[in-house]
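# Structure assessment
One-letter residues, chain by chain:
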Amino acid sequence: MSEKKTYEGKFASIIGSEQAEPANIVIFGATGDLTKRKLLPALAHMHRWNLLGPHSRIIAAVRDKKWTKSKWVSYVHDQLLHYFPDAILNPRSWQRIAAKLELVTGDLTDPDMYKQLAATLREMDGKKNALFYLAIPPEWYECVAKNLKQAGLADESEGFRRIVVEKPFGMDLTSAQELNQTLQCYFNESQIYRIDHYLGKESVQNLMVFRFANSVLEPLWNRNYIDHVQISVSESLGIGYRAGYYETSGALKDMIQSHLLQVMALVAMEAPLSLGANDVRDEKLKVLRAVRRIDADKVDDIAVRAQYSEGKADGVDLPAYRDEEGVAFDSTTETFAAVKFYIDNWRWQDVPFLLRTGKALPERVSEICIRFKAPPQTLFDLNEGNVRNNELIFRLQPDEGMLLSMTAKQPGLSTDLRGVNLDANYGMVGSGMPDAYETLFHDVLLGEAGLFSRADEVEESWQIVAPIMTAWSKKEDISTYPAGSFDVPGMDDLMSDCEGGWRTLSTKERDV
Ligand code: BG6
């Protein structure tokens, strides 16, 4: 897709969006990877469509005291040139972005840096709204939150003050609880925005609309008609330069504890009382609380892990995980994880929810598959050809859309059956999709917290995966799968009580 097309597509979705109050957007970790790849393009795009509010500023908090404002401005220019060239193609547009950029320098532990920041905020006309984005390693969250508080920057008397924290939010239940308590010492829960960028994805938000703005599905959305649910996030890249983080994490903590459990909660939850943040979060929390607790001795029955060995994924040669830079030669960190959960409530009793994710898999494809039960009576031979149980697929990426697979008659004199798809591609219906970070920034600025995880949801999710973490930490070895394949030992065993096996994850050869 050309840049121009992307631009027009985004325009279509953003037109009519609400402009936020002017605010100081302070980025800690302004020279890091997340800022250049995601935050700056999202802010530049919001600026382009007047969503940031006049007089808003983007303030970098940089540790290196040698940085000057002009260096920050030319840094932003270079990053946008690479990641979002539309933003600077028009010199006037770039000048307006450049005019918003400010810089403060100093060590994160240095109170003077926060005084400097407070002085910079005071320069703003009118309300002194501020959003503090912590795009820094979690070990720094406490230090920054505490210093912000001590410099009076958590005080909302002159404007809103909101703090945004990135994942990982803790590395286990205890550390997540500690982090929640720490942040809540300095900011109120209503000021804390915990990012789970999956919740900002257009296709994930559409799940709620699809479920609760249509009545046709509700009678089917339960254990009477649904055989099982598969939620899959497959990535073709290896871990690249992220060994430092990934070695302490692995697929279970990195993806399942956060993104996939959140998506599962959205699939399984009851209709909320309203779209208010706490009503939605309350319903998601009920699902998480209803997840059947895993017996530590039976983890092998419901969870599978593996690590990639050398291979080729989506045309790219990859070394074995253990040979990646920064990875221990005997690492047992899993790069693939699949878990079968059950939700013990009236709607979902005994319906398996299978969550799987991994790196170095054949393609980058993420989707939710709701597989329905077979018809009660078999008039036709359903096993013939490529016919299978009905499936409702939500494609999360790369080609966002929905697909309902049905069975129809093959035209001709005999009663042969074939699969047909009712396929809706969001791109084709012309909606255009903002990036998840743009949606999330916009929501923080508007004070909408519905797409952010609440403290209790995060803690509940850690509690759910804790027995798996414990069991896996005791294992001395790990199975492997060749990079670029789904040949994960034991993966199929998880499907023993599910009809139809794992869905093929491919944009090239779609099932049915
Ligand atoms: C991040 C994980 O939260 O999500 C990464 O830390 C992962 O390991 C990424 O690659 C996937 O996000 P997306 O939006 O590319 O599916």
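What comes next is a walk through the structure. One numbering rule holds for all chains: residues counted from 1, following each sequence as written. Totals for whole chains, interfaces and linings use all residues, but because this is a predicted model, local features are given only for residues with pLDDT of at least 70 and pairs of side-chain atoms are given and counted only at 80 or more. Values shown for side chains rest on all heavy atoms present in the structure; no hydrogens or waters enter the calculation.

## Here we look at the environment of Y186
Only DSSP runs of H or I reaching four residues or more are called helices, and only runs of E reaching two or more are called strands; each is numbered from the N terminus. With respect to the element layout, Y186 can be found in helix 8 (residues 173-186). C-alpha of Y186 to C-alpha of R289: the two residues are 103 residues apart in sequence and 28 Å apart in space. If sequence neighbours within four positions are ignored, Y186 has contacts with E142, A145, K146, K149 and A154. Contacts between residues were defined by any pair of non-hydrogen atoms, one from each residue, lying within 4.5 Å.

## Looking at the side chain of R194
Here R194 shows up in strand 6 (residues 192-194). Of note is the side chain of R194, whose polar atom sits 3.0 Å from the side chain of N180. Apart from residues no more than four positions distant in its own chain, R194 is found in contact with V165, F169, N180, Q184, E189, F452, S453, R454, A455 and V458. Polar contact is defined as a pair of N or O atoms within 3.5 Å, subject to the rule that within protein one atom must be able to donate a hydrogen and the other to accept it, and that residues adjacent in sequence are counted only when both atoms are side-chain atoms.

## Here we look at the site of the ligand
The cutoff for a nearby residue is simple: one of its non-hydrogen atoms must lie within 4 Å of the molecule or strand. The immediate surroundings of the ligand are formed by K167, H197, Y198, K201, E235, R242, D254, M255, H259, K359, R364 and Q397. Note that an oxygen atom of the ligand is positioned 2.6 Å from one of the side-chain N or O atoms of D254. If the ligand stood free it would expose 390 Å²; the protein chains cover 81% of that surface. Sort the elements by how many residues they give to the shell around the ligand and helix 11 (residues 251-268) lands first, with three residues. Classification used: nonpolar for Ala, Val, Leu, Ile, Met, Phe, Trp, Tyr, Cys and Pro, charged for Asp, Glu, Lys and Arg, polar for all others including Gly. Each residue belonging to the shell around the ligand can be placed in one class, and the counts come to two nonpolar, three polar and seven charged. Accessible surface area values rest on a Shrake-Rupley calculation with a 1.4 Å probe, where residue burial reflects the displayed protein chains alone.

## Some thoughts on the sheet that holds strand 2 (residues 57-62)
Strand pairs in the sheet, formed through backbone hydrogen bonds, run parallel or antiparallel to each other. A sheet is described by the order of its strands in space; here six strands give the open sequence 3-2-1-4-5-6, paired in parallel fashion. Two strands lie at the open edges of the sheet, namely strand 3 (101-105) and strand 6, each paired on one side alone. If you compare each strand with its neighbour and ignore which way they point, the axes differ by 20 degrees on average. One requirement defines pairing of two strands: DSSP has to find at least two bridges between them. Of the pairings in the sheet, the one linking strand 1 (residues 24-28) to strand 2 comprises five bridges and is parallel in character. Counted as the bridge partner of I25 is I58 from strand 2. Strands strand 2 and strand 3 of the sheet are contacted by helix 3 (residues 69-83), whose axis makes an angle of about 125 degrees with strand 3. Every axis corresponds to a line fitted to the C-alpha atoms, with the helix fit spanning only the stretch in contact, and the corresponding angles, defined between N-to-C directions, vary from 0 to 180 degrees. Across the sheet, helix 6 (residues 111-122) lies against strand 1, strand 2, strand 3, strand 4 (130-134) and strand 5 (161-165), angled at about 155 degrees from strand 3, the strand it touches most.

## As for helix 12 (residues 277-290)
To estimate how far a helix should reach, multiply one less than its number of residues by 1.5 Å. Between the first and last C-alpha of helix 12 there are 20 Å, a value that for 14 residues agrees with the 20 Å anticipated at 1.5 Å per step. Burial classes follow relative accessibility: with a 1.4 Å probe on protein chains only, a residue under 20% of its type's maximum area counts as buried, one over 50% as exposed, and anything between as partly exposed. By the burial criterion, the buried members of helix 12 are V280, R281, E283, K284, L285, V287, L288 and A290. In this fold, the buried residues of helix 12 make contact with helix 9 (202-212), helix 11 and helix 15 (455-473).

## A closer look at the pattern of salt bridges
Side-chain pairing between opposite charges can occur once the charged atoms of the two side chains come close. Salt-bridge detection follows one rule: a side-chain nitrogen of Lys or Arg within 4 Å of a carboxyl oxygen of Asp or Glu. Evaluation of the coordinates by the stated rule reveals 30 salt bridges. Notably, a salt bridge pairs K38 with D435, separated by 3.5 Å at the nearest N-O pair. One end of the pair, K38, is in helix 2 (residues 33-48); the other, D435, is in the loop between strand 16 (417-425) and helix 14 (436-446), with 397 residues separating them in the sequence. Residue classification places D435 among the partly exposed positions, given a relative accessible area of 24%. Notably, a salt bridge pairs E235 with K359, separated by 3.0 Å at the nearest N-O pair. A residue pair is termed long-range when its members are at least 10 positions apart, and E235 in the loop between strand 7 (226-234) and helix 10 (243-246) and K359 in the loop between strand 12 (353-358) and strand 13 (365-372) qualify at 124 residues. The exposure class assigned to E235 is partly exposed, which follows from its relative accessible area of 23%. Note on K359: relative accessible area 6%, which makes it buried.

## Comments concerning the packing of aromatic side chains
Working definition: rings of Phe, Tyr and Trp (its six-membered ring) pair if their centres are within 6.5 Å, and the pair is stacked with planes under 30 degrees apart, edge-to-face with planes over 60 apart, and tilted otherwise. The tally for this structure, following the rule as stated, stands at 11 aromatic pairs. Here the aromatic rings of Y133 and F441 are separated by 5.4 Å at their centres, their planes lie at 45 degrees, and the arrangement is tilted. Of this pair, Y133 sits in strand 4 while F441 sits in helix 14, and the two are 308 residues apart along the sequence. Y133 sits in the buried class, given a relative accessible area of 2%. For F441, a relative accessible area of 2% gives the class buried. Each ring, one from F210 and one from F394, has its centre 5.2 Å from the other, and the planes form 85 degrees; the classification is edge-to-face. Residue F210 is found in helix 9, and its partner F394 is found in strand 14 (residues 391-397); the two are separated by 184 residues along the sequence. As far as burial versus exposure is concerned, F210 and F394 are alike and both buried.

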